[in-house]
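Observations on chain architecture
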Amino acid sequence: MKLGRQLRHLQRYREIALAFARNGFGYFVRELGLMKLIPHWRSVESRHHSEVRTTGERLRSFLQELGPTFVKLGQIASTRHDIFPPDIIAELQKLQDKVPPVPFDEIKRVLEEELGAPLESVYRDFRKEAVAAASIGQVHYARLRSGEEVAVKVQRPGIRKTVETDLEILRNLARIAEHRLHWAKQYGAVELVEELSSSLTAELDYTLEGRSAERIASHFTDRSNVHIPSIWWDLSTRRVLTMEFMHGIQLHDVQALEQAGYDLTEIAEAVANLILEQVFISGHFHADPHPGNVLVMPQASGSKHRDSEAVSSPTPVIGLLDFGMTGRLTPGLKGHFASLIIALRRQSTDGVIKAIEAMGLIPDSVDWQELRRDVDHLREKYYQVPFSDISLGEAVTDLFHVSYHHRIRMPADFMLLGKALLTLEGVITSLDPEFSVVAVAEPFGKKLFLERLKPDRLAESAANYAAEYVDLLADLPSRLRSFGRLLARGKLPLELSVRDVDRMMQKLDRISGRLSFSIVLLSFSIIMAGLVIGSSVGRQPGLLSRFPVLEIGFTIAAVMFLYMIVSIFRSGKK
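In this report, the structure presented in the accompanying data block is examined. All values reported here derive from a predicted model rather than from experimental measurement. (Residues numbered from 1 in each chain as written. Predicted model: local features only at pLDDT ≥ 70, side-chain atom pairs only at ≥ 80, totals over all residues. Heavy atoms only, no water.)

Let us look at helix H7 (residues 104-115). Taking 1.5 Å as the rise per residue, H7 with 12 residues should run 16 Å; its terminal C-alpha atoms sit 16 Å apart, in good agreement. Among all positions in H7, only Phe104, Ile107, Val110, Leu111 and Leu115 are buried. All buried residues of H7 lie within an arc of 120° about the axis, which places them on one face of the element. For H7, exposure combined with an orientation more than 90 degrees from the buried face picks out Asp105 and Glu113. Looking at the buried side of H7, the elements it contacts are helix H8 (119-122), strand E1 (123-133), strand E2 (137-144), strand E3 (149-155) and strand E5 (240-244). In the segment just after H7, glycine 116 is the residue with positive phi, at about 70°. (Helix = DSSP H or I, 4+ residues; strand = E, 2+ residues; numbered from the N terminus. Expected span 1.5 Å × (residues − 1). Buried < 20%, exposed > 50% of the residue type's maximum accessible area, 1.4 Å probe, protein only. Arc of directions from axis to C-beta. Contact = heavy atoms within 4.5 Å.)

See the structure below:
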């Protein structure tokens, strides 16, 4: 069994190496030492070397060629604007997760294994044709024995083993890359692969998706214009998810929405409020609200209208689908996000930098002067621009560009938030080009800011800070003892960062020259002092008494002293 696993790994390594070579990444194969896996390596490399494509296009082709694991990793990576440049992100966003459906016999076998019962005993009706098919799983329409309509999401057979094998190989390649390639170590290839892998592994557990749906639904239990599908937990496992089947019109079908009599501006406002309320209020949000994941459903019979008067258009109910990609903002991250919005609103460069520093991991090598200049440029771009005229997507993209340029690593959930907001604005613009998402977001931002000023929240923050300071004070004696031991051993580590080495060396040369000059002057002064003392106590006239030695010596000393003073003043002006 172990031999079979090794053979599978070897074959997959060969497939990955060939995909690198075929897509113009032959240098990577050479650097990682994978050439021995490819027969006739030189002919393979030269055959594809002449193809003229951008790096992003070649990377997208490479990921698509290697199948589900790599496609999903590429889609997850497309949210990381803080790591990858804009041209790469643009190509990764084109990755399609649509594949031919698995034959029904294989799907039936998975269902019966997971549910522990024949399919006919669980469902009254189960359609063999898939409603939707993706690289991880596919969705089928079914009707329960009790009559409810459900959507059954079934994982592809063997996909977990495929993903685990690919991720294991990728981790190994990342370790080799960090060992052999400076840029891979600088970018933290191992950490990046681990981060992307954890996100993909979570998508393989459908129970997590079901819990995410219920968590978001819990914040809208009293809202008649929001619908989140119910989950049948007795018919759900890690590989099968049974949820309510929802009927409605997808947002991209604008013609059908207009024919049904819906007001597109009203739909745009309802969708914007739904997503922004998740972001700012509950903190747990749908991170992929593209048009295929949002339905417009008719108002349930018996529901109340918006007012007592008759309305010309039906009241839309917004339904959300597919909770495989969700994000969560902790109270601290929500507070930092609110601080960022407020700082942008107040045109405060210091406030923006402080909020970014609180949210992200700013590297030690950052050029603070350049970072401040870039944030100033961002601030000036939106200076005195009416809030309703600001493009949320453009503002978020600008912020991502700054974080990428300065290698500022943002929390993964914050990057998912950026993806959700960008997707949201694209959806809203397709419905109503004049609609401002930022104008809808402003009241939520103000509410979040005011919540931070509530006495109970302030007291909670103060208690947290107090606890941190108590821990810091408790650790202080041990830290001081460690510091004292280092001093006693003469092993105090010192890290010095010098931006302009040549300039520093010139200063050191001047200092050392001045120090040598001072020593010579001191020595001369000591000799002169000895001559003075000797002449005053000596009884016999010496050879030097015939010459004005003291007068000449004092003159030379005065000139040397004046020269040193002038040189000090001159160096201070440079």
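With that settled, the discussion passes to the sheet that holds strand E6 (residues 249-250). In space, the 4 strands of this open sheet follow the order E4-E9-E8-E6, with mixed pairing throughout. Strand pairing shows two members of the sheet lacking a second neighbour, strand E4 (226-227) and E6, which therefore form its edges. Looking at chain direction, E4 and strand E9 (residues 317-320) are connected through 2 bridges and run parallel. Bridging across to E9, valine 226 finds its partner in isoleucine 318. Across the sheet, helix H14 (residues 264-282) touches E4, strand E8 (294-297) and E9, and the angle it forms with E9 is around 50°. (Pairing = 2+ DSSP bridges. Axes fitted to C-alpha atoms, helices over the stretch in contact; angles between N-to-C directions.)

What follows concerns the packing of aromatic side chains. Under the defined criterion, the tally for this structure stands at 9 aromatic pairs. A centroid spacing of 6.3 Å and a plane angle of 85° characterise the contact between phenylalanine 20 and phenylalanine 25, whose relative ring orientation is edge-to-face. The residues phenylalanine 20 and phenylalanine 25 share a single accessibility class, namely buried. Taking the centre distance of 4.9 Å and the plane angle of 65° together, the rings of phenylalanine 20 and phenylalanine 28 count as edge-to-face. Accessibility assignment for this pair places phenylalanine 20 and phenylalanine 28 in one class, buried. Between the NZ or CZ atom of arginine 58 and the centre of the ring of phenylalanine 25, over which it lies, the distance is 4.8 Å. The ring of tyrosine 404 has arginine 407 sitting right over it, with the charged end atom 4.9 Å from the ring centre. (Phe/Tyr/Trp six-rings, centres within 6.5 Å; stacked < 30°, edge-to-face > 60°. Lys NZ or Arg CZ within 6 Å of the ring centre and 35° of its normal.)

Before going further, it helps to spend a moment on the packing of H14 against helix H19 (residues 412-431). Between H14 and H19, the shortest axis-to-axis distance is 9 Å and the interhelical angle comes to 170°. Between H14 and H19, the angle is such that the two are roughly antiparallel. The residues of H19 that touch H14, namely those facing Leu264, Ile267, Ala268, Val271, Ala272, Ile275, Leu276 and Val279, are Leu417, Leu421, Leu424, Ile428 and Leu431. Classifying every residue of the contact of H14 with H19 by side-chain character gives 13 nonpolar, no polar and no charged. (Parallel < 35°, antiparallel > 145°, perpendicular 65-115°, else oblique. Nonpolar A, V, L, I, M, F, W, Y, C, P; charged D, E, K, R; others polar.)

The next point concerns the pattern of salt bridges. Where charged atoms from two side chains of opposite charge come close, those side chains can pair. Considering all chains together, one arrives at 19 salt bridges under this definition. Glutamate 91 serves as the salt-bridge partner of arginine 60, at 2.7 Å between the closest nitrogen and oxygen. Taken together, the residues span a long stretch of sequence, with arginine 60 in helix H4 (residues 55-66) and glutamate 91 in helix H6 (residues 86-92) at a distance of 31 residues. Arginine 80 is paired through a salt bridge with glutamate 195; the nearest N and O atoms lie 1.9 Å apart. With arginine 80 in the loop between helix H5 (68-77) and H6 and glutamate 195 in helix H11 (residues 189-203), the pair connects residues that are 115 residues apart, well separated along the chain. Overall, the relative accessible area of 4% leaves arginine 80 in the buried class. We classify glutamate 195 as partly exposed; its relative accessible area is 22%. (Salt bridge = Lys/Arg side-chain N within 4 Å of Asp/Glu carboxyl O.)

Among the 8 residues of E2, 6 are classified as buried, and the element is accordingly described as predominantly covered. In this sheet, E2 lies alongside E1 in antiparallel orientation, the contact comprising 6 bridges. Within E2, the residue paired with phenylalanine 126 across the bridge is alanine 142. Taking the residues between adjacent antiparallel strands as the criterion, E1 and E2 are bridged by 3 residues. Sheet topology places E2 next to E3; 7 bridges connect them, and they run antiparallel.

Turning our attention to the pairing of E5. Among the 5 residues of E5, 5 are classified as buried, and the element is accordingly described as predominantly covered. Of the strand pairs in this sheet, E3 and E5 are connected by 5 bridges, and their pairing is antiparallel. What sits directly across from lysine 153, in E5, is leucine 241.

Here we have 4 strands laid out as an open sheet, ordered E1-E2-E3-E5, and antiparallel in their pairing. The open sheet has two edge strands with one neighbour each: E1 and E5. For this sheet, the mean inter-axis angle between neighbouring strands, taken without regard to orientation, is 25°.

How two helices sit against one another is set out by the angle between their axes and by the gap between those axes. With their axes 9 Å apart at the nearest point, helix H16 (residues 349-359) and helix H17 (residues 368-381) run at an angle of 115° to one another. The element H16 and its partner H17 pack so that their crossing is right-handed. Every residue of H17 that contacts H16 at Thr349, Asp350, Val352, Ile353 and Glu357 is listed here: Trp368, Leu371, Arg372, Val375, Asp376 and Arg379. Of the residues in the contact of H16 with H17, the class split is 5 nonpolar, 1 polar and 5 charged. (Left-handed = near helix turned anticlockwise from the far one by under 90°.)

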